[in-house]
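Summary of the model geometry
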Amino acid sequence: MKDIIINKIKINKLKPLRKNFKNKNKKFAAKGYYKDIKVKVYEVFDKNQGKLRNFVSNNKDLSRHFPKLITFNNRFIVEEWVEGKTLKELNLNNFEFKAQSKKIKKIINNMWSTKFNYLIFDYIEYIHKRVKNKNSLDLSNVPIRINHNDLSLDNIILTPKGLKIIDNEFLGCSTGWILNIRNSFLIEDFDYQNFVSKKTLNHLWFIRKKWSRSIAKKNDKKNQFINLIKKFYLLDLFNYKF
């Protein structure tokens, strides 16, 4: 694949982010160029994620912490590529890490306090489906909030203009934020106990880890198969008589 057209905008010189154009979640993900601007193109999980991404892009407080949005439709989102090192790559000392953590918590609080009254990408439902477990939890007491749902040191870049949050494939507005206390590198002090019990939170985290293990297991099987093919290929070369 060399190019893709989204809303009459042509993205060319496409290259996969990893080995192929499908990521570990079986969704399209690539980097390319819109004119002379380097961009990222990714497939959505919810047809309305583009609308949420557009809302974030037009919000004064939130937009400065996210890549510039180029375009979107009900299948793909295109955003400007962010150059720089992630917080993981920077190997921050304790003092630096605490300083950045305060900034990140402020960004999270900004997302949560920003009113967006539409359910988009139900992260809790998604992780249950991925491990083929029925979601029978009653989370009606949990408000929906804008949340990244995959915030890690790998997904935050320090730029000259401040912190930028990347890899926004899981961005949604749902009850998924409740897992931030477990699904994040941050030691948070948010009042989760006001919404769910410790038992419920432990169950959700069990489902989340089960999903992670299933992905790792599939990758291991795939790598074993590739290594097996390479082994037979090398044996054939060794046994070949010139």
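Okay, so let's go over this structure. (Residues numbered from 1 in each chain as written. Predicted model: local features only at pLDDT ≥ 70, side-chain atom pairs only at ≥ 80, totals over all residues. Heavy atoms only, no water.)

Moving on to the packing of aromatic side chains. Counted according to the given criterion, the structure contains 16 aromatic pairs. Plain terms: the ring middles of Phe45 and Phe170 are 5.1 Å apart, the flat faces sit at 50° to each other, and that makes the pair tilted. Of this pair, Phe45 sits in the loop between strand E4 (37-43) and helix H1 (49-57) while Phe170 sits in the loop between strand E10 (162-165) and strand E11 (172-174); the two residues are 125 residues apart in sequence, bridging distant segments of the chain. Ring geometry for Phe121 versus Phe170: centroids 5.8 Å apart, planes at 20°, classification stacked. Linking Phe121 in the loop between helix H4 (94-113) and helix H5 (123-130) with Phe170 in the loop between E10 and E11, this pair joins segments that are 49 residues apart in sequence. An aromatic cluster is defined as three or more aromatic residues linked by ring pairs; in this entry it consists of Phe45, Phe121, Tyr123, Tyr126, Phe170 and Trp211. The ring of Tyr33 has Lys13 sitting right over it, with the charged end atom 5.6 Å from the ring centre. Looking at Arg145, its charged tip hangs above the ring of Trp177, at a distance of 4.0 Å from the centre. (Phe/Tyr/Trp six-rings, centres within 6.5 Å; stacked < 30°, edge-to-face > 60°. Helix = DSSP H or I, 4+ residues; strand = E, 2+ residues; numbered from the N terminus. Lys NZ or Arg CZ within 6 Å of the ring centre and 35° of its normal.)

Turning our attention to the pairing of strand E2 (residues 9-16). The sheet contact formed by strand E1 (residues 3-6) and E2 spans four bridges and is antiparallel. Counterpart to Ile4 in the pairing with E2 is Ile11. Hairpin connection, E1 to E2: the antiparallel pair is bridged by two residues, and Asn7 has positive phi, about 55°. Bridging between E2 and strand E3 (residues 29-34) involves three bridges; their strand directions are antiparallel. Across the sheet, Pro16 pairs through a bridge with Ala30, a residue of E3. (Pairing = 2+ DSSP bridges.)

With that settled, the discussion passes to the pattern of salt bridges. Under the defined criterion, the tally for this structure stands at eight salt bridges. The residue Lys38 makes a salt bridge to Glu83 at a minimum N-O spacing of 3.8 Å. One end of the pair, Lys38, is in strand E4; the other, Glu83, is in the loop between strand E6 (76-80) and strand E7 (85-86), and 45 residues separate them in sequence. A salt bridge links Lys40 to Glu169, with the nearest nitrogen and oxygen atoms 2.9 Å apart. Separated by 129 residues along the polypeptide, Lys40 in strand E4 and Glu169 in the loop between E10 and E11 bring together distant segments of the chain. (Salt bridge = Lys/Arg side-chain N within 4 Å of Asp/Glu carboxyl O.)

Strand order across the open sheet formed by six strands is E1-E2-E3-E4-E6-E5, with antiparallel pairing between neighbours. Because the sheet does not close on itself, it has two edges, and the strands there are E1 and strand E5 (69-72). Taken pair by pair, the neighbouring strands of this sheet meet at an average axis angle of 30°, ignoring direction. Two strands pair when backbone bridges link them, and E5 and E6 are joined in this way by three bridges, in the antiparallel orientation. Considered in E6, the bridge of Leu69 is made with Glu79. (Axes fitted to C-alpha atoms, helices over the stretch in contact; angles between N-to-C directions.)

The next thing to look at is the environment of Pro67. As for its position among the elements, Pro67 is in the loop between helix H2 (60-63) and E5. A C-alpha to C-alpha distance of 6.0 Å links Pro67 and Glu79, two positions twelve residues apart in sequence. Beyond its immediate chain neighbours, meaning those up to four positions away, Pro67 contacts Arg53, Glu79, Glu80, Val82, Ile165, Ile166 and Asn168. (Contact = heavy atoms within 4.5 Å.)

With that settled, consider the nonpolar core. Formed by 40 residues in total, the largest nonpolar core has its most connected members in Leu52, Ile104, Met111, Tyr123, Ile178, Leu179 and Trp211. Sorting the residues of this core by element identifies H1, H4, H5, E10 and helix H6 (198-239) as the ones contributing at least two each. In terms of residue count, H6 provides more of this core than any other element does, six residues in total. The contacts of Ile178, once residues within four sequence positions are left out, are Ile124, Val142, Tyr192, Phe195, Val196, Leu201 and Leu204. Formed by twelve residues, the second largest nonpolar core is a distinct cluster that contains Ile4, Phe28, Ile70 and Phe76. (Core = buried A, V, L, I, M, F, W, Y, C linked by side-chain atoms within 4.5 Å. Buried < 20%, exposed > 50% of the residue type's maximum accessible area, 1.4 Å probe, protein only.)

This part is about the sheet that holds strand E9 (residues 156-159). The three strands lie next to each other as E7-E9-E10, forming an open sheet whose pairing is antiparallel. Among the strands making up the open sheet, the edge pair consists of E7 and E10. As paired strands, E7 and E9 are joined by two bridges and run antiparallel to one another. Note that in E9 the partner of Lys85 across the bridge is Leu158. In the packing of H4 onto the sheet, the strands contacted are E9 and E10, and the crossing angle to E10 comes to about 55°.

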